[in-house]
2 protein chains.
Amino acid sequence: MSLLTVGSVAFDALETPFGKTDKIIGGAATYITLAASYFTKANNLVAVVGGDFPSEMIDILVSHGINTEGLQIKEEGKTFFWSGKYHEDMNTRDTIDVQLNVMGNFDPIIPDSYQGCEYLMLGNTAPAIQKQVLDRMNTRPKLVMLDTMNFWMDIAMPDLEAVLPLVDVLTINDEEARMLSGEYSLRKAANIIMKKGPKTLIIKKGEHGALLFQGDRIFFAPALPLEEVFDPTGAGDTFAGGFIGYLASTDDISFENMKRAIIYGSAMASFCVEKFGSERLVNLTEKEINQRVLEFVSLASFEIR
Amino acid sequence: MSLLTVGSVAFDALETPFGKTDKIIGGAATYITLAASYFTKANNLVAVVGGDFPSEMIDILVSHGINTEGLQIKEEGKTFFWSGKYHEDMNTRDTIDVQLNVMGNFDPIIPDSYQGCEYLMLGNTAPAIQKQVLDRMNTRPKLVMLDTMNFWMDIAMPDLEAVLPLVDVLTINDEEARMLSGEYSLRKAANIIMKKGPKTLIIKKGEHGALLFQGDRIFFAPALPLEEVFDPTGAGDTFAGGFIGYLASTDDISFENMKRAIIYGSAMASFCVEKFGSERLVNLTEKEINQRVLEFVSLASFEIR
């Protein structure tokens, strides 16, 4: 089944304890579509970049089977830029610089050929834009997933509250779940958040794994303990891309299949952090992914007698 | 098979966001032996208390089948006392008061009837005392497990380094693993720590579950997401007691059985935090424990097609 992803395609400049980069390709929709490309070839992108965005980077997306018809190129504008520095523990980071540029007035135009997409991934961007995308879909997709962050809870909570009733799956991290619900207990937080609209909630806990909530069902997926986390940028987006890419490819939105999808998403995220930016994501093999998934099986499985 | 636990039996005074207690029964060995009592009836305790320790509390231990022959009562002394206050997030706490009292010169005398125990649990106490216990065992137990904490790494690291080569299973939390190894990555930390002696390492991550390392094998056990954590005191000791109690009762120290033991330990810890102190641990039923273990199965199981 076909997937539509709307979100940012950007330049990032990163610094981690392991080194720093100049401007490299980044953005939520980049990570999402790249991760999803290993599962579905009906992989449609809506985003905006400036005239400074190198065509070779678009070629990389196209070479992964990503449909870039909906990628707007504003020749007169500059691409969204984010620069950040990670602390020693890699769990926290400081934003050094943000230049919204062409993202500042992003009009998410949906090409006609994208209409009828069954799976819609609303990558992290302004909730008003996320709602606009939904309004522009001629038919409601089978599954709508939304990613957001604390920034939007701070400055656009009413917009976020307006879009939440329209989505099926919300993905946020543990701090954001606490912020959105006002509850410290993630179990209580999940119940409050699901009342705001999304029937399914994924709480990402980074190196501590992820929790999947749906009604009174809970699934916990571990994160793979890695020797080295090189650069966590994009790990959450990669997770989301692997998750929804797997769902789209199997066209099965049962809870059991969502559990599998979370494992695939976690496996993709575990690759993402091994190198800077999306470097590791652009040249994975199916064999590597399947082997990584088997590591998750081995990590998490036990039998009670 | 029989279990011997050496550690503190104490008074605690606790304050959490949910309330506060006067002196209640606490101490590592109390939690360990109570948790283990649901798995093994050959459950031997070595500890020391003062004349102020109420006999009714000893009766509670005895009623759980715990052998208190090795519980020394120093009539002229006072029982070890710890008082602490938890922060809002329940993950951090301040120590308000510590009075070592009779623990200050604890001589861990092993009654003859305890000799030959196959499973030995060295609860958190001075590493020199833990080593003394090992020296006093006429035959080396089949499995020796040791719990310790950052406090001993600060003030008695040489003693700790001396006892580590003598134990099979070490259990510490994530911060302590980083402190003991000098590595942030828990996977790297585990490899360094296992080189210090213990072939098996359990890293407790509180609400984020636990990791079991043995050679190049890793198992991740989730923690049950709870509506409310009422009082975390003793959760780590309860986890250890459930773990080694299960191993002793099944007399199987294979990696597969240790995975099960971690689930049972986690289940016991999830009960512990539901009430103040050891209150919830003293009146559990086998049915409740088995139901809780099934919640872990449901939480963690998935199938890759």
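Residues numbered from 1 in each chain as written. Chains lettered and ligands numbered in written order. Predicted model: local features only at pLDDT ≥ 70, side-chain atom pairs only at ≥ 80, totals over all residues. Heavy atoms only, no water.

Novice: Help me out: how do you make sense of empty space enclosed by the protein in this one?
Specialist: Gaps left between atoms are located by rolling a probe of water-molecule size over the structure's atoms. For the coordinates displayed, the defined rule picks out one cavity of 30 Å³ or more. Size it by volume and the largest cavity reaches roughly 30 Å³. Together, Phe220, Pro222 and Ala300 of chain A together with Phe220, Pro222 and Ala300 of chain B line the largest cavity. Taken together, the residues of the lining of the largest cavity sort by class into six nonpolar, no polar and no charged. (1 Å grid on protein atoms, 1.4 Å probe; cavity = no way out; pocket = protein on both sides within 12 Å on 5 of 7 lines; lining within 4 Å. Points joined across faces, edges and corners; volume = space filled by probe spheres on them. Nonpolar A, V, L, I, M, F, W, Y, C, P; charged D, E, K, R; others polar.)

Novice: Explain helix H1 (residues 28-36) of chain A here, please?
Specialist: In an α-helix, one full turn covers 3.6 residues, which means residues spaced three or four apart are oriented alike. Of all nine residues in H1 of chain A, nine are buried, a share of seventy percent or more. Residues of H1 of chain A that are buried: Ala28, Ala29, Thr30, Tyr31, Ile32, Thr33, Leu34, Ala35 and Ala36 of chain A. (Buried < 20%, exposed > 50% of the residue type's maximum accessible area, 1.4 Å probe, protein only. Helix = DSSP H or I, 4+ residues; strand = E, 2+ residues; numbered from the N terminus.)

Novice: I keep staring at the UniProt feature "domain: Carbohydrate kinase PfkB" (unreviewed entry) in chain A and nothing clicks. Help me out?
Specialist: Mapped onto the present numbering, the UniProt feature "domain: Carbohydrate kinase PfkB" (unreviewed entry) falls at residues 21-278 of chain A. For residues 21-278 of chain A, helix accounts for 36% and strand for 24%, while the C-alpha atoms at its two ends are 12 Å apart. (UniProt positions renumbered as here; feature names shortened; annotations may be inferred.)

Novice: Please clarify how the interface of chain A and chain B should be interpreted in this entry.
Specialist: Each partner contributes to the interface: chain A provides 39 residues, whereas chain B provides 39 residues. Between chain A and chain B the total buried area reaches about 3600 Å² when both faces are included, carbon and sulfur atoms providing 53% of it. The interface formed by chain A and chain B contains six salt bridges. In this structure, Glu207 of chain A and Arg178 of chain B form a salt bridge, with 3.5 Å as the shortest nitrogen-oxygen distance. Taken together, the elements giving at least two residues each to the side of chain A that touches chain B come down to helix H7 (186-195), strand S14 (217-221), helix H8 (235-250), helix H9 (255-272) and helix H10 (286-300) of chain A. The element that contributes the greatest number of residues to the side of chain A that touches chain B is H10 of chain A, accounting for six residues. When its residues are assigned to classes, the side of chain A that touches chain B shows 18 nonpolar, eight polar and 13 charged. (Contact = heavy atoms within 4.5 Å. Buried area = accessible area lost by both parts, 1.4 Å probe. Salt bridge = Lys/Arg side-chain N within 4 Å of Asp/Glu carboxyl O.)

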